[in-house]
Amino acid sequence: MGSNRLYGPLDPAPDAGWVHAPPRMGFFTDTSVCIGCKACEVACKEWNHVPDDGFDLLGRSYDNTGGLSANSWRHVAFIEQPGTPPDTAAERPGPQFLGMPQRDLPGRTPDAPRTDFRWLMMSNVCKHCTHAGCLDVCPTGSLFRTEFGTVVVQEDICNGCGYCIPACPYGVIDQRADDGRAWKCTLCYDRIGDGQTPACAKACPTESIQYGELDELRERAARRVTALHDQGVAEARLYGNDPDDGVGGDGAFFLLLDEPEVYGLPPDPVVSTRDLPAMWKQAGVAAAAMVASVLVAFATRRRP
Amino acid sequence: MVPPAQFRSYYGRPIVKAPVWRHDIAAYLFTGGLAAGSALLAAGGQATGRPALRRAGRLSALGALGASTYFLINDLGRPDRFHHMLRVAKPTSPMSMGTWILTAFGAAASTAAVAEAAPLLPTRGPLGPARRLLPPVGTAGGYGAAALAPALATYTAVLLADTATPSWHAAYPELPFVFAGSALASGAGVGLIAAPCAQAGPARRLAVLGAALELYGAHRVETTKGILSEPYAQGRPGRLLRAGRVLTALGVAGGLLGRRSRVVSALSGLSLLGASVLTRFGIFEGGVASARDPKYTVVPQRERLAQRRPEP
């Protein structure tokens, strides 16, 4: 695994220098049982003292948070989809606003027609990637790898350079406007160090958010997908569980019922550091071209 | 006409976050390049006995360096914590590497610029030895700055490319050439403005070579990245890059044709400096635009997946 410092399967905590690291911990979020109650969002805010985002109704769906940000470390996505049989899932259009809430019961009057649709809900969170773009590019060492293999920002070190924000292939970490520093989910580093469950998983009433050792979660998730497939839910698939994916696998992965982009997730995220050696090489060639240009420009003899 | 891309998204909301960097960073890309180009011009002037190029290059490098430092610190969310950049040296972070390059370059370039003050010092008295010592120290500083200048000019390309910002990352093979060329052209611009026509020959040749590198790189970025070239061609980024190209062409043409006119040369120099500003802002804003639209994240990644798993 020594050659996988920038890309590929890796156990991140020992790679970061932790001796006798405990097992890697993570989240498995099973969206098929999410009821969109937002208990995770609230529990996260309360435990971590995350400030509110202001009152912002987006007017597109029942989602009034919009996405992960410096002040939303868990975000419950609400996707309203016209219902279609699973076998035509590929042609199913993206999310759309269904015109709710309405003044009357669905189907009772023409104003409130009954439509066939489904709601997809997903509690999104920082992925705690094996190869974390944010961590790789942080110039202050403020972002660090914990003994549990998770990624945490040291807020007394962060100087708000903002590099981690475009470096995240999932668009998770963000700058808090009135504070200038970067913030994101810590996987409740303070709780898990004491053997407790992170606040969101603790508050989840349906066990949609499951916390535990990553290896065990991966086995549990595989069994759940098989069970769903057996029940005829052919569109169930795992996202972020594969150690061979572009970020070396996520510490927080998901069971989805549609394509990742429908939930606002990238379909094939790759950590940008994978190309870093090639980037420096190109920069070296360009730098050499600069030197050559200067030599050529000054090579001719000075006119008397 | 390319048909509109078919893709799905979460209510059209962006997937990756656009950089929170303000225009300070775009301005830094220019001033950093200008500092590098000027330092190279100064070193050339130093080596070939062209004092006007040396002096202009050293002073311009110092000025650009000061502006760079201001822009970098001003853009931080917590400017008072700037020094935290200097607590680690991290090879996986282009910003960390760049901070160290800029620091080392700054020390060398400042020494070289301060040495230009030697003729102003009195020959006798306590400052007399300084008057004699400064020029050789300045020579060492000038060559030191020139040695670091290519890294200073090109690391910023790696800085932008090492992100999930779609159009920056896709441009990683050519972005260093755009920035290297733009830095040389802006250094040549300083030479055309400051040097008498008799000494400005190398600046003219440097302008041609720099412009060629920059135009080659920008052309590749704008045409070979498929859908990810779009943000560089449309809207404000497109207008900035096109205007930059026109100014580059004017600057090169003026530099070559106005060989005997101080005024035409100076205007060409200004034009090259303006071109470098516009190019940097165009590249910066093109990347930001690509992050704001989920299309540029989803469509290329879908294509990549389709290529990896061919239809059975």
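Values in this document were obtained by computation on a predicted structure and should not be read as measured data. (Residues numbered from 1 in each chain as written. Chains lettered and ligands numbered in written order. Predicted model: local features only at pLDDT ≥ 70, side-chain atom pairs only at ≥ 80, totals over all residues. Heavy atoms only, no water.)

K.L.:
Give me the lowdown on the overall build of chain B, citing residues and values where you can.
P.N.:
Broken down by element type, chain B carries eleven helices and zero strands. Of the regular secondary structure in chain B, the N- to C-terminal order runs α-α-α-α-α-α-α-α-α-α-α. Over its C-alpha atoms chain B spans a radius of gyration of 21 Å, differing by no more than 12% from the 20 Å that the globule rule assigns to 312 residues. Going through the 312 residues of chain B one by one, you find that 57% of them count as buried. Here the analysis covers contacts within chain B between residues at least 6 apart in sequence; of these, 77% occur between residues at least 24 apart. Only carbon and sulfur atoms are counted for the fraction: they give 66% of the accessible area of chain B, which is about 12,400 Å². Side chains of chain B give 33 positive and 13 negative charges; the mean places of these two sets differ by 10 Å. (Helix = DSSP H or I, 4+ residues; strand = E, 2+ residues; numbered from the N terminus. Rg over C-alpha atoms; globule rule 2.2 N^0.38 Å. Buried < 20%, exposed > 50% of the residue type's maximum accessible area, 1.4 Å probe, protein only. Contact = heavy atoms within 4.5 Å. Areas by Shrake-Rupley, 256 points an atom, 1.4 Å probe, with all protein chains shown as cover. Lys, Arg positive; Asp, Glu negative; His and termini not counted. Charge placed at Lys NZ, Arg CZ, Asp CG, Glu CD.)

K.L.:
Tell me about the UniProt feature "transmembrane region" (unreviewed entry) in chain B, and name the residues and values.
P.N.:
Residues and elements named next belong to chain B. On the UniProt side, "transmembrane region" (unreviewed entry) is annotated at positions that read residues 25-44, 56-73, 100-121, 133-155 and 175-195 here. The span residues 25-44 carries 100% helix and 0% strand; its end-to-end C-alpha distance comes to 28 Å. For residues 56-73, the helix share is 100%, the strand share is 0%, and the end-to-end C-alpha distance is 26 Å. (UniProt positions renumbered as here; feature names shortened; annotations may be inferred.)

K.L.:
Break down the pattern of salt bridges for me, citing the residues and quoting the values.
P.N.:
Applying the stated criterion to the full structure yields 26 salt bridges over all chains. Residues E259 of chain A and R302 of chain B are paired through a salt bridge, measuring 2.8 Å at the closest nitrogen-oxygen approach. Residue E259 of chain A is located in the loop between β10 (252-256) and α8 (276-299), and its partner R302 of chain B is located in helix α11 (residues 295-308); the two belong to separate chains. As a salt-bridge pair, D268 of chain A and R304 of chain B come within 2.8 Å of each other at their nearest N and O atoms. Here D268 of chain A, found in the loop between β10 and α8, pairs with R304 of chain B, found in helix α11, and the two come from separate chains. A network of salt bridges, in which partner residues are shared, links R118, E235 and D258 of chain A together with R8 of chain B. (Salt bridge = Lys/Arg side-chain N within 4 Å of Asp/Glu carboxyl O.)

K.L.:
Describe in detail the interface of chain B and chain A, supporting the description with residues and values.
P.N.:
In this complex, chain B contributes 69 residues to the contact, which on the side of chain A involves 87 residues. Buried surface at the junction of chain B and chain A, summed over both partners, amounts to about 6,400 Å²; 60% is from carbon and sulfur atoms. On inspection of chain B and its partner chain A, the count reaches 34 residue pairs in polar contact (both at pLDDT 80 or more). Within the residue set of the side of chain B that touches chain A, elements represented by two or more residues are α1 (23-47), α3 (94-115), α4 (128-161), α6 (175-194), α7 (201-223) and α11 of chain B. Classifying every residue of the side of chain B that touches chain A gives 39 nonpolar, 16 polar and 14 charged. (Buried area = accessible area lost by both parts, 1.4 Å probe. Polar contact = N/O pair within 3.5 Å; in protein donor to acceptor, adjacent residues only side chain to side chain. Nonpolar A, V, L, I, M, F, W, Y, C, P; charged D, E, K, R; others polar.)

K.L.:
Break down empty space enclosed by the protein for me, with residues and values.
P.N.:
By rolling a water-sized probe across the atoms, one finds the places where empty space is left. Residues and elements named next belong to chain B. Summed over the entire model, instances satisfying the criterion amount to ten cavities of 30 Å³ or more. In this model, the largest cavity occupies a volume close to 140 Å³. In terms of lining residues, the largest cavity is bounded by 14 residues, among which I25, L72, L76, M85 and M95 are the most central. Mapped by element, the contributors of at least two residues to the lining of the largest cavity are α1, α2 (51-74), α3 and α4. (1 Å grid on protein atoms, 1.4 Å probe; cavity = no way out; pocket = protein on both sides within 12 Å on 5 of 7 lines; lining within 4 Å. Points joined across faces, edges and corners; volume = space filled by probe spheres on them.)

K.L.:
So what's going on with the sheet that holds strand β1 (residues 25-30) of chain A? Residues and values would help.
P.N.:
Residue and element names in this part refer to chain A. If you walk across this open sheet you meet the four strands as β8-β1-β10-β9, and the pairing is mixed. The open sheet terminates on both sides in strands that have one partner only, identified here as β8 (209-213) and β9 (237-239). Across the sheet, the axes of successive neighbouring strands diverge by a mean angle of 25°, strand direction being ignored. The sheet contact formed by β9 and β10 spans three bridges and is antiparallel. Within β10, the residue paired with Y239 across the bridge is F254. (Pairing = 2+ DSSP bridges. Axes fitted to C-alpha atoms, helices over the stretch in contact; angles between N-to-C directions.)

K.L.:
So, α6 of chain B: which residues are in play, and what are the values?
P.N.:
Along its 20 residues, α6 of chain B runs 29 Å from first to last C-alpha, staying within 8% of the 28 Å computed at 1.5 Å per residue. Within α6 of chain B, 18 of the 20 residues are buried, which leaves it mostly tucked inside the rest of the structure. (Expected span 1.5 Å × (residues − 1).)

K.L.:
Please set out the environment of R220 of chain A residue by residue, giving values where relevant.
P.N.:
Residue and element names in this part refer to chain A. Relative to the assigned elements, R220 resides in helix α7 (residues 214-230). Note on R220: relative accessible area 27%, which makes it partly exposed. Separated by 192 residues in the primary sequence, R220 and F28 have C-alpha atoms spaced 8.8 Å apart.

K.L.:
Can you break down the UniProt feature "binding site: [4Fe-4S] cluster 4" (unreviewed entry) in chain A residue by residue, with the values?
P.N.:
Residues annotated by UniProt as "binding site: [4Fe-4S] cluster 4" (unreviewed entry) correspond here to C138, C158, C161 and C164 of chain A. In summary, the annotated positions, though distributed over 27 residues, converge in three dimensions, the widest C-alpha pair being only 10.5 Å. If you take the residues mentioned a moment ago, the ones lining the largest cavity come down to C161 of chain A. Among the structural elements, C158 of chain A can be located in the loop between β5 (151-153) and α4 (164-167). Ignoring sequence-local partners within four residues, the contact set of C158 of chain A consists of S142, V153, R181 and A182 of chain A together with R78 and R81 of chain B. Inspection of the secondary structure assignment puts C161 of chain A in the loop between β5 and α4. Other than its neighbours up to four places away in sequence, C161 of chain A contacts P139 of chain A together with W21, L76, M85 and M95 of chain B.

K.L.:
Account for the UniProt feature "binding site: [4Fe-4S] cluster 3" (unreviewed entry) in chain A, with residues named and values stated.
P.N.:
Residues and elements named next belong to chain A. Taken from the UniProt record, the annotation "binding site: [4Fe-4S] cluster 3" (unreviewed entry) applies to C126, C129, C134 and C168. Taken along the chain, the residues just named run across 43 residues; in space they keep tight, none of their C-alpha pairs more than 11.0 Å apart. Tracing the chain through its elements places C129 in the loop between β3 (117-125) and α3 (133-137). Classification of C129 by relative accessible area gives buried; the value is 8%.

K.L.:
Quick one: what's the story with the nonpolar core, residue by residue and with numbers?
P.N.:
One finds W21, F105, L152, L160, L175, F179 and I283 of chain B to be the most contacted residues of the largest nonpolar core, which totals 84 residues. In terms of residues, this core owes the most to one element, α1 of chain B, which gives 13 residues. Discounting chain neighbours no more than four positions away, the residues touching L152 of chain B are Y28, G32, A35, A36, I101, L102 and F105 of chain B. Of all hydrophobic cores here, the second largest spans 65 residues; its members include C44, F148, Y170 and L217 of chain A. (Core = buried A, V, L, I, M, F, W, Y, C linked by side-chain atoms within 4.5 Å.)

K.L.:
How would you sum up the side chain of R81 of chain B? Please name residues and give values.
P.N.:
Tracing the chain through its elements places R81 of chain B in the loop between α2 and α3. No salt bridge is formed by the buried R81 of chain B; the nearest opposite charge belongs to D80 of chain B, separated by 5.1 Å. Polar side-chain contacts of R81 of chain B include one of 2.9 Å to the backbone oxygen of E155 of chain A. Beyond its immediate sequence surroundings of up to four residues, R81 of chain B is in contact with E155, D156, I157, C158, N159 and R181 of chain A.

K.L.:
Break down the packing of aromatic side chains for me, citing the residues and quoting the values.
P.N.:
Under the defined criterion, the tally for this structure stands at 14 aromatic pairs over all chains. Here Y10 of chain B and Y11 of chain B contribute two aromatic rings whose centre-to-centre distance is 4.9 Å and whose plane-to-plane angle is 75°, an arrangement assigned as edge-to-face. One exposure class covers both Y10 of chain B and Y11 of chain B, and it is buried. Ring geometry for W21 of chain B versus W168 of chain B: centroids 6.2 Å apart, planes at 25°, classification stacked. Of this pair, W21 of chain B sits in the segment before α1 while W168 of chain B is found in helix α5 (residues 166-170), placing the two residues 147 residues apart along the sequence. Both residues of the pair, W21 of chain B and W168 of chain B, count as buried. Here the aromatic residues Y163 of chain A together with W21, W168 and F284 of chain B are joined through ring pairs into a cluster of three or more. Positioned over the ring face of F179 of chain B is R280 of chain B, at 4.7 Å from the centre of the ring. (Phe/Tyr/Trp six-rings, centres within 6.5 Å; stacked < 30°, edge-to-face > 60°. Lys NZ or Arg CZ within 6 Å of the ring centre and 35° of its normal.)

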